[in-house]
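Examining the three-dimensional arrangement
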Amino acid sequence: MAKKEQFASFDSIMRDMKAGLYKPVYLLMGEEAYYIDRLTDYIAENALREEERDFNQTIVFGADVTAAQVADMARRYPMMAERQVVIVKEAQNIKNWEKIEQYLEKPQPTTILVFAYKNGTVDGRKKITSMVRQVGVVFVSNKKRDYELPGFISAYLKTKECTIDNKAALMMAEHIGSDLNRMTSELDKLVIALGDDRRVTPDAVEHQIGVSKDYNGFELRSAIASRDVLKANKIVNYFDKNPKSGGPFILVPMLFGFFQNLFLAYYAPRRDNENDVAQWLELRGGAWAARDYVTAMRNYSGTKVMQIVDMLRLTDAKMKGLDNPNTPPGELMRELLAFIFH
């Protein structure tokens, strides 16, 4: 497949479409459905006037059509309109792209053909990707990494004329994860609940989303970084006794990501400087987001961090039932904490 930087960006595609500049073909693919949905919805709602859509907009699903049928739809001429729109949702279910490749050799200039290809990308050995790039737009929607989520949350709320505390953004990121459709849905509910108050605080997240501001993965990370044994054990016990919190299972991936990043932080040119560490780790939250890493580097050696990463892998395997006949997850987490602190 072509290099990532050769594909169009979400912002550039939206900018062109808002200026009324549409391409004959869009191949929107990737693991993150949110951006695919946003681009597809924008075309469906804006490429045609409302009165033109009945005769000139066709939306089908990949499992229900053949490649030949899609090509035939795309070759049709618009009726009393400048263009027609053909949208293929769940295009990953199309079995054979050969007829579409033939269509792309001479696409209909009055058609906007959109493929919403989710849960992966087109096989790089197929010609379809390079052919679309020659006449239209290819967009790859990648999952957000954990460290990118607080920045996404802040940017999304800014479009709603709201701001969010750093801690509240981390609470949301940790609780919901990288499913951006679910994330934006929860943020929309939160904005409605705020009313005239335009700032999202940890208290608001706790009351509206149901995430404890005192007992969460972010607080556990901070407790471990500062070697606060009592606080860390209280948080683990809370997760163990409250299944609705997600249980101890959700803590291990979060800690694994933290200690993995912590190991990289030791190579920062100025590892005692929060801004430099944040830049080195590409943390969107700046110095505030790097605070726990700087604290942890004072309290743990690089060798100990490597040992903790290995122990996290072992704990994760045991929680999944490997080489663990009967030790419950809560006890495994307490054993993990004992290893980390000693």
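Everything quoted here is computed from the prediction, not taken from an experiment.

**With respect to the sheet that holds strand E5 (residues 137–141)**
- Pairing within the open sheet is parallel, and its five strands lie in the order E2-E3-E4-E1-E5. Both outer strands of the open sheet, strand E2 (57–61) and E5, are each paired with one neighbouring strand and no more. Ignoring which end each strand starts from, the neighbouring axes of this sheet average 10° apart.
- Sheet analysis places E2 next to strand E3 (residues 84–89), joined by five bridges and oriented parallel. Paired with Phe61 across the strands is Lys89, a residue of E3.
- Across the sheet, helix H4 (residues 67–75) touches E2, E3 and strand E4 (111–118), and the angle it forms with E3 is around 160°.
- Relative to strand E1 (residues 25–30), helix H6 (residues 128–135) is tilted by about 135°, and along the sheet it contacts E1 and E5.

**A short note on the pattern of salt bridges**
- All told, the structure shown has 20 salt bridges when counted by the stated rule.
- The residue Asp165 makes a salt bridge to Arg199 at a minimum N-O spacing of 2.6 Å. Placement of Asp165 in the loop between strand E6 (163–164) and helix H8 (166–176) and of Arg199 in strand E7 (residues 199–200) is noted, with a sequence separation of 34 residues between them.
- Take Arg199: its relative accessible area is 40%, and that puts it in the partly exposed class.
- Across the pair Glu331 and Arg334 runs a salt bridge, and its minimum N-O distance is 3.5 Å. Within this pair, Glu331 and its partner Arg334 are both found in helix H17 (residues 329–341), separated by three residues, close to a single helical turn.
- Look at Glu331 and you get partly exposed, because its relative accessible area is 33%.
- Salt bridges sharing partners connect three or more residues here, namely Arg49, Glu51 and Glu52.

**Things to note about the packing of helix H11 (residues 217–225) against helix H12 (residues 229–241)**
- Put simply, H11 and H12 touch, their axes get as near as 8 Å, and they point 150° apart. The angle between H11 and H12 falls in the class roughly antiparallel. By crossing handedness, the relation of H11 to H12 is classed as left-handed. Together, Gly217, Glu219, Leu220, Ala223 and Ile224 of H11 and Lys231, Ala232, Ile235, Val236 and Phe239 of H12 make up the contact between the two elements.
- Class assignment of the residues belonging to the contact of H11 with H12 gives a composition of seven nonpolar, one polar and two charged.

**Looking at the pairing of E4**
- Among the eight residues of E4, seven are classified as buried, and the element is accordingly described as predominantly covered.
- Relative to E4, E1 runs parallel, the two sharing six bridges. Across the sheet, residue Gly30 finds its bridge partner in E4, namely Lys118.
- As paired elements, E3 and E4 share five bridges and run parallel to each other. In the sheet register, Val86 faces E4, and the bridge partner there is Leu113.
- Assessed by its sense of winding, the connection that carries the chain from E3 through helix H5 (residues 98–104) to E4 is right-handed.

**Details of the packing of aromatic side chains**
- All told, the structure shown has 14 aromatic pairs when counted by the stated rule.
- With a centroid separation of 6.2 Å and 20° between ring planes, the pair formed by Phe152 and Tyr156 is classed as stacked. Residue Phe152 and its partner Tyr156 are located together in helix H7 (residues 149–159), separated by four residues, close to a single helical turn. Tyr156 carries the same exposure label as Phe152, and that label is buried.
- Three or more aromatic residues joined by ring pairs make a cluster, and in this case those are Phe10, Tyr34, Tyr35, Phe139, Phe152 and Tyr156.
- Sitting above the plane of the Phe339 ring, Lys304 keeps its charged end 4.2 Å from the centroid.

**As for the confidence of the model for the chain**
- Put simply, the chain has an average pLDDT of 91, and 98% of its residues get 70 or more.
- Under a pLDDT of 50 for its full length, residues 1–5 has, in the predicted model, eight contacts with residues more than four places off or in other chains.

**Quick word on helix H14 (residues 274–281)**
- By the burial criterion, the buried members of H14 are Val277, Ala278 and Leu281. Buried residues along H14 cover an arc of 100° about the axis, so they all sit on one side.
- Buried residues along H14 sit in contact with helix H13 (251–265) and helix H15 (287–299).
- Where H14 begins, the side chain of Asn273 points an oxygen toward the backbone nitrogen of Asn275, at a separation of 3.0 Å.
- Count one or two residues on from H14 and you reach Glu282, which has phi positive near 60°.

**Quick look at helix H2 (residues 33–46)**
- Under the 1.5 Å per step criterion, the end-to-end length of H2 is 20 Å for 14 residues, consistent within 8% with the ideal 20 Å.
- When we look at burial in H2, the residues that qualify are Tyr34, Tyr35, Ile36, Leu39, Thr40, Tyr42, Ile43 and Ala44.
- Between the side-chain oxygen of the N-cap and the backbone nitrogen of Tyr34 there are 2.9 Å, and the N-cap of H2 in question is Glu32.

**Points about the nonpolar core**
- By size, the foremost hydrophobic cluster in this structure holds 47 residues, and its most contacted members are Met17, Tyr26, Ile43, Ile153, Met172 and Val205.
- In terms of residue count, H2 provides more of this core than any other element does, seven residues in total.
- Excluding residues within four positions of it along the chain, Ile153 makes contact with Ile164, Ala169, Met172, Ala173, Met183 and Leu187.
- Counting 41 residues, the second largest nonpolar core, distinct from the first, contains Leu251, Ala265, Ala289 and Ala290.

Scoring rules and cut-offs
- Residues numbered from 1 in each chain as written.
- Predicted model: local features only at pLDDT ≥ 70, side-chain atom pairs only at ≥ 80, totals over all residues.
- Heavy atoms only, no water.
- Pairing = 2+ DSSP bridges.
- Helix = DSSP H or I, 4+ residues; strand = E, 2+ residues; numbered from the N terminus.
- Axes fitted to C-alpha atoms, helices over the stretch in contact; angles between N-to-C directions.
- Contact = heavy atoms within 4.5 Å.
- Salt bridge = Lys/Arg side-chain N within 4 Å of Asp/Glu carboxyl O.
- Buried < 20%, exposed > 50% of the residue type's maximum accessible area, 1.4 Å probe, protein only.
- Parallel < 35°, antiparallel > 145°, perpendicular 65-115°, else oblique.
- Left-handed = near helix turned anticlockwise from the far one by under 90°.
- Nonpolar A, V, L, I, M, F, W, Y, C, P; charged D, E, K, R; others polar.
- Right-handed = clockwise from strand over helix to strand, strands pointing away.
- Phe/Tyr/Trp six-rings, centres within 6.5 Å; stacked < 30°, edge-to-face > 60°.
- Lys NZ or Arg CZ within 6 Å of the ring centre and 35° of its normal.
- pLDDT = per-residue confidence, 0-100.
- Arc of directions from axis to C-beta.
- Polar contact = N/O pair within 3.5 Å; in protein donor to acceptor, adjacent residues only side chain to side chain.
- Expected span 1.5 Å × (residues − 1).
- Core = buried A, V, L, I, M, F, W, Y, C linked by side-chain atoms within 4.5 Å.

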